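Understanding the architecture of this molecule
Residues per chain are reported as follows:
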Amino acid sequence: MASQKDLEFESGYVKMAYKRLEEIKQQIKSSMNQVLEVERGGTHQAKVERDVVVRSSLARLENLEIGDQALIFGRIDFQPPAELSEGESYHIGRVSVNSETMEPLVVDWRAPIAEAFYRATGKDTMGVKLRRHIFCNRDVVVNIEDEWLSSLEEDSREGYLEPPSPSALFSAISKPRTSYMSDIVSTIQAEQDEIVRYPLSGILVVQGAPGTGKTAVALHRAAYLMYTHRWRFERQPLLVIGPSSEFVKYISRVLPSLGESGVELHTIAGLCGFAEAAFEPEIQRRRLKGDLRMEKLLRKAVRDRERPLRKDLRLAFGRKYLTVTTEMSQELVRSMKRRPGPHNPKRKVIELRLSQLLAEQYLEGGDLTTEVRAVTNVISIHAGLEDQVAQHLPGEDGVEVAREVAAALRKSVEFQLVVERIWPRLSAEETLYDLFSHRALLKLAAKDILSEEELDVLTIDQGVDVKRHQWSIEDVVLLDELQTFLDEQSDDDVTFGHVIVDEAQDISPMTARLLKRKCPSGSMTILGDLAQSFGPWPNRRWDDILEPLSSKDHHMLELSVNYRTSQEISELADLIKSRYLAGSRRTKSIRSFPGGVQFIEAKDLIQRAVADAKDLFERKEQGRFAMIVPNKDSEALRREIDKEGLSEWESISVIGVEQVRGLEFDEVFILEPLSLVDDAERSLPALYVAVTRATNRIKIYSSQPFPNWLLVK
């Protein structure tokens with residue numbers, strides 16, 4: 001146990017570090033203000049330099065902003081060399097703070113020297129003599145806890161299973177949950193730190209059961225990569241993808257608390273430019289839309305819209321009729337289909353070639369027309385042009401006249417309508433909507449790709465206008481794929497230097513293709529738990545999930561210790577998992593919460609569950625609570641909550657099991673446990689996910705008797 005003298009020393013040191021941090025901030029602000037006070041005139045070079053100083057100053061200030069979090073949380077003392085009596089000592093914190101003489105007062109937790117704070121064990125001290133955990137309330141030291149690793153060299157314990165500083169760890173995991181996730185920078189465990197600091201290149205797959213800290217590790221890895229490879233991510237940002245908008249909101253404050261604001265957080269829908277995407281309840285439709293065959297279907301659907309005329313068309317222009325023959329359109333379409341590249345840019349080439357052919361017709365003669373609308377189509381041809389053709393052709397003047405006629409044709413409404421029939425200008429939304437709502441188009445595109453039964457699954461009614469159509473998450477992925485067939489990549493299309501995907505066990509093959517497009521380098525961190533997969537693609541291996549990424553070289557690490565969920569809940573979760581995943585590994589949980597699992601059979605289960613939730617409210621129970629319910633019962637549950645006056649209680653959420661992945665709560669109420677999803681095949685994985693959302697207590701309500709195997713003694 002640390003002495004009062006140690007406590008006083010650390011208190012003074014922490015206050016000194018905070019004082020120096022404020023001095024650094026003031027120096028940055030002062031330098032920036034000096035630049036801003038300079039007269040705004042000057043050379044272009046001076047303006048550029050001023051803007052660079054301002055941007056870098058603002059970025060530095062943002063990185064130094066730690067809010068209410070403690071600046072310092074640890075210290076490591078190394079064994080001294082043989083010739084010295086004392087070894088080096090470093091204080092570990094959220095950001096780096098140097099003295100005026102550039103001596104390190106606080107070492108950033110991501111720095112290489114700080115690795116020993118997280119990795120050193122009694123079996124491998126990494127040269128560390130003392131590891132000290134410093135508990136602070138901002139700049140006030142509340143307590144310190146020491147571990148003398150040098151005396152544990154003969155310890156035979158497994159380093160990963162005996163986490164350093166149990167007090168710090170248990171204090172962190174025992175706190176009530178809030179609406180936002182907290183960082184774990186002061187309590188990262190050794191196996192977690194290995195993942196956080198794993199090299200950047202290639203694909204890293206992290207398999208971990210619920211409560212092992214996958215999400216926290218993902219976010220701290222993002223912060224570490226930003227610190228270590230900042231130059232790379234200035235050109236291509238780092239992206240973190242979560243499974244739902246609720247999840248993205250929940251994790252949104254972690255990276256700023258670690259001094260990083262440059263990481264982009266998105267759902268798949270948000271990544272594709274959609275604020276929200278509808279949930280697709282039909283599992284067969286979700287499975288089919290995520291199938292790799294959809295790439296062939298979409299490519300074929302675009303090519304089907306590139307079609308020659310079925311019969312000749314006469315186009316009134318000036319004082320003549322021009323004829324677009326089927327042979328002419330066939331040759332144009334044939335040549336464009338041989339040409340590489342997306343669909344829409346080729347339309348310009350079609351317009352150019354067709355207008356040249358028709359200009360030749362116009363100048364060579366043809367049937368006359370007196371239609372007024374035809375004459376008005378001539379925009380840039382001066383009066384009496386036809387009378388001058390003979391004396392200007394051939395020769396340079398003749399070529400110029402032909403160009404003028406072709407340009408005027410391209411401005412003609414009738415000409416553009418003809419081009420639209422041959423090579424229409426397509427948008428992704430309209431193309432996909434037309435494909436799914438017109439059986440003939442779908443059948444043509446799906447020939448030799450999908451069966452008639454699968455066409456039935458994809459076909460939708462022509463209901464609302466395409467602009468008001470509710471796209472599902474699966475649709476959004478297809479729209480992004482379709483866009484690659486329609487238009488070239490623009491400067492606004494962002495690609496990423498590294499992508500971190502959390503809860504990746506249910507990503508579809510088509511979503512994997514999207515990720516590959518967004519991250520051309522193939523540098524990714526993929527995190528998930530195969531046991532939690534209850535989407536349309538059950539019983540997959542990680543190799544199956546990664547196959548569309550064309551990754552032949554990936555490394556896998558596993559998180560083995562459950563820090564969040566109690567032993568009692570973990571035992572129930574393992575029992576559920578064993579019913580559908582043979583040979584699955586049991587979870588190691590480091591904490592217990594006796595009486596944390598209850599089974600309640602009640603005919604009026606909604607009223608009973610709400611009554612129990614109201615009891616929490618009236619007792620002013622601290623924490624975050626969830627009621628996980630089948631989609632069909634969610635409205636009835638919300639009405640009962642409103643009736644009991646709990647609708648304004650922000651601590652409780654009514655949520656479906658599809659949206660709850662990645663989230664955590666102090667207590668969870670599960671209604672109709674074996675009916676959380678519509679089909680029996682996915683019911684047990686869904687229940688496994690629901691049960692493992694709780695840290696302390698779960699109450700499971702059923703209107704039918706529970707199966708004997710589920711009742712844990």
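The structure presented is a predicted model; accordingly, all values stated were derived computationally and were not measured.

What counts and what doesn't
- Residues numbered from 1 in each chain as written.
- Predicted model: local features only at pLDDT ≥ 70, side-chain atom pairs only at ≥ 80, totals over all residues.
- Heavy atoms only, no water.
- Helix = DSSP H or I, 4+ residues; strand = E, 2+ residues; numbered from the N terminus.
- Buried < 20%, exposed > 50% of the residue type's maximum accessible area, 1.4 Å probe, protein only.
- Contact = heavy atoms within 4.5 Å.
- Areas by Shrake-Rupley, 256 points an atom, 1.4 Å probe, with all protein chains shown as cover.
- Pairing = 2+ DSSP bridges.
- Axes fitted to C-alpha atoms, helices over the stretch in contact; angles between N-to-C directions.
- Polar contact = N/O pair within 3.5 Å; in protein donor to acceptor, adjacent residues only side chain to side chain.
- Salt bridge = Lys/Arg side-chain N within 4 Å of Asp/Glu carboxyl O.
- Expected span 1.5 Å × (residues − 1).
- Phe/Tyr/Trp six-rings, centres within 6.5 Å; stacked < 30°, edge-to-face > 60°.
- Lys NZ or Arg CZ within 6 Å of the ring centre and 35° of its normal.
- Core = buried A, V, L, I, M, F, W, Y, C linked by side-chain atoms within 4.5 Å.
- UniProt positions renumbered as here; feature names shortened; annotations may be inferred.

Tallying secondary structure elements over the protein chain gives 28 helices and 21 strands in all. Oriented by its inertia axes, the alpha-carbon framework of the protein chain measures out at about 110 × 75 × 50 Å. Here the protein chain, with 713 residues, has 51% of them falling under the buried criterion. The contacts in the protein chain between residues at least 6 apart in sequence include a share of 76% that link residues at least 24 apart. Accessible surface computed for the protein chain: about 34500 Å², of which carbon and sulfur atoms make up 49%.

It is generally the case that most residues other than glycine have a negative phi and that most peptide bonds are trans. The phi dihedral of Met126 is positive, around 55°, even though this residue is not glycine. Take Met126: it is sitting in the loop between helix H3 (115-119) and strand E5 (128-137). Residue classification places Met126 among the partly exposed residues on the basis of a relative accessible area of 33%.

Either a parallel or an antiparallel arrangement is found when strands of a sheet pair, and the pairing is made through backbone hydrogen bonds. Reading across the sheet, the five strands line up as E17-E21-E20-E18-E19 and stay open at both edges, with parallel pairing between neighbours. Single-partner strands in this sheet number two, and they are strand E17 (597-601) and strand E19 (652-655). Across the sheet, the axes of successive neighbouring strands diverge by a mean angle of 15°, strand direction being ignored. Two elements, strand E18 (residues 625-628) and E19, share four bridges in a ladder whose sense is parallel. The residue of E19 that forms the bridge with Phe625 is Ile652.

On the secondary structure map, Arg661 appears in the loop between E19 and strand E20 (665-671). For Arg661, a relative accessible area of 11% corresponds to the buried category. For the pair Arg661 and Pro243, spaced 418 residues apart in the sequence, the C-alpha separation amounts to 7.2 Å. Sequence-distant contacts of Arg661, that is, excluding residues within four places in its chain, are made with Pro243, Phe247, Glu503, Gln505, Asp506, Gln532, Phe534 and Val689. Reaching out from Arg661, the side chain makes a polar contact with the side chain of Asp506 at a distance of 2.3 Å.

Attention shifts here to the pattern of salt bridges. Under the criterion given, the structure shown has 55 salt bridges. Residues Arg286 and Glu658 are paired through a salt bridge, measuring 3.4 Å at the closest nitrogen-oxygen approach. With Arg286 in helix H11 (residues 283-289) and Glu658 in the loop between E19 and E20, the pair connects residues that are 372 residues apart, well separated along the chain. The exposure class assigned to Arg286 is buried, which follows from its relative accessible area of 7%. Put simply, Glu351 and Arg347 hold a salt bridge, and the shortest N to O gap is 3.1 Å. Of this pair, Glu351 and Arg347 are both found in helix H14 (residues 343-364), four residues apart, which corresponds to roughly one turn of the helix. Residue classification places Arg347 among the buried residues on the basis of a relative accessible area of 3%.

Bringing the sheet that holds strand E13 (residues 524-528) into the picture now. Read from one edge to the other, the open sheet built from six strands follows the order E9-E8-E12-E13-E7-E14, with strand pairing classed as parallel. The two strands at the open ends of the sheet, each matched to only one other strand, are strand E9 (264-266) and strand E14 (554-559). Taking the axes of each pair of neighbouring strands and ignoring which way they run, one obtains an average angle of 15° across the sheet. One ladder, built from three bridges, connects strand E8 (residues 238-241) with E9; its direction is parallel. Looking across to E9, one finds that Leu239 is bridged to Glu264.

The end-to-end C-alpha distance of helix H22 (residues 473-486) is 20 Å, a good match for the 20 Å that 14 residues give at a rise of 1.5 Å each. Inspection of H22 places Glu474, Asp475, Val476, Val477, Leu478, Leu479, Asp480, Glu481, Leu482, Phe485 and Leu486 among the buried residues, and these make up the whole buried set. Residues of H22 that are buried make contact with helix H10 (268-271), H11, helix H12 (293-304), H14, helix H19 (428-437) and helix H23 (509-518).

With that out of the way, let us pick up the packing of aromatic side chains. Two aromatic rings, taken as a pair, are described by how far apart their centres are and by the angle between their planes. Counted by the stated rule, this structure contains ten aromatic pairs. Aromatic side chains Phe117 and Tyr118 sit 5.1 Å apart centroid to centroid with 85° between the ring planes, which places their arrangement in the edge-to-face category. The class of Phe117 is buried, set by a relative accessible area of 1%. On the numbers, 5.2 Å between centres and 75° between planes, the contact of Phe599 with Phe706 is edge-to-face. Here the residue Phe599 occupies a position in strand E17, and Phe706 occupies one in the segment after strand E21 (694-702), the gap between them amounting to 107 residues. Stacked on the ring of Tyr180, the Lys or Arg Arg253 has its end atom at 3.6 Å from the ring centre.

Along the chain, the position of Asp461 falls in the loop between helix H21 (452-458) and H22. Residues Asp461 and Tyr433, 28 residues apart in the sequence, show an inter-C-alpha distance of 10.0 Å.

Next up on the list: H19. Counting buried positions along H19 gives seven out of ten residues, so the element sits mostly inside the fold. Within the sequence span of H19, burial applies to Ala428, Thr431, Leu432, Tyr433, Leu435, Phe436 and Ser437. Where H19 is buried, its residues touch H11, H12, helix H20 (439-445), H21 and H22.

Before going further, it helps to spend a moment on the nonpolar core. Grouped together as the largest cluster of nonpolar side chains are 79 residues, with contacts concentrated most on Ile92, Trp109, Leu238, Val240, Val657 and Val691. Looking at this core, the element that brings in the most residues is helix H6 (residues 214-228), giving nine residues. Listed in part, the 53 residues of the second largest apolar core include Tyr433, Val457, Ile460 and Met510.

Here we come to the UniProt feature "binding site: ATP" (unreviewed entry) in the protein chain. Those places that UniProt annotates as "binding site: ATP" (unreviewed entry) correspond, in this numbering, to Gly208, Ala209, Pro210, Gly211, Thr212, Gly213, Lys214 and Thr215. Position of Pro210 among the secondary structure elements: in the loop between strand E7 (203-208) and H6. When its relative accessible area of 3% is taken as the criterion, Pro210 is described as buried. Residue contacts for Pro210: discarding those within four places in its chain leaves Asp529, Gln532, Asn562, Arg564, Thr565, Tyr688, Thr692 and Arg693. Tracing the backbone shows Thr215 in helix H6.

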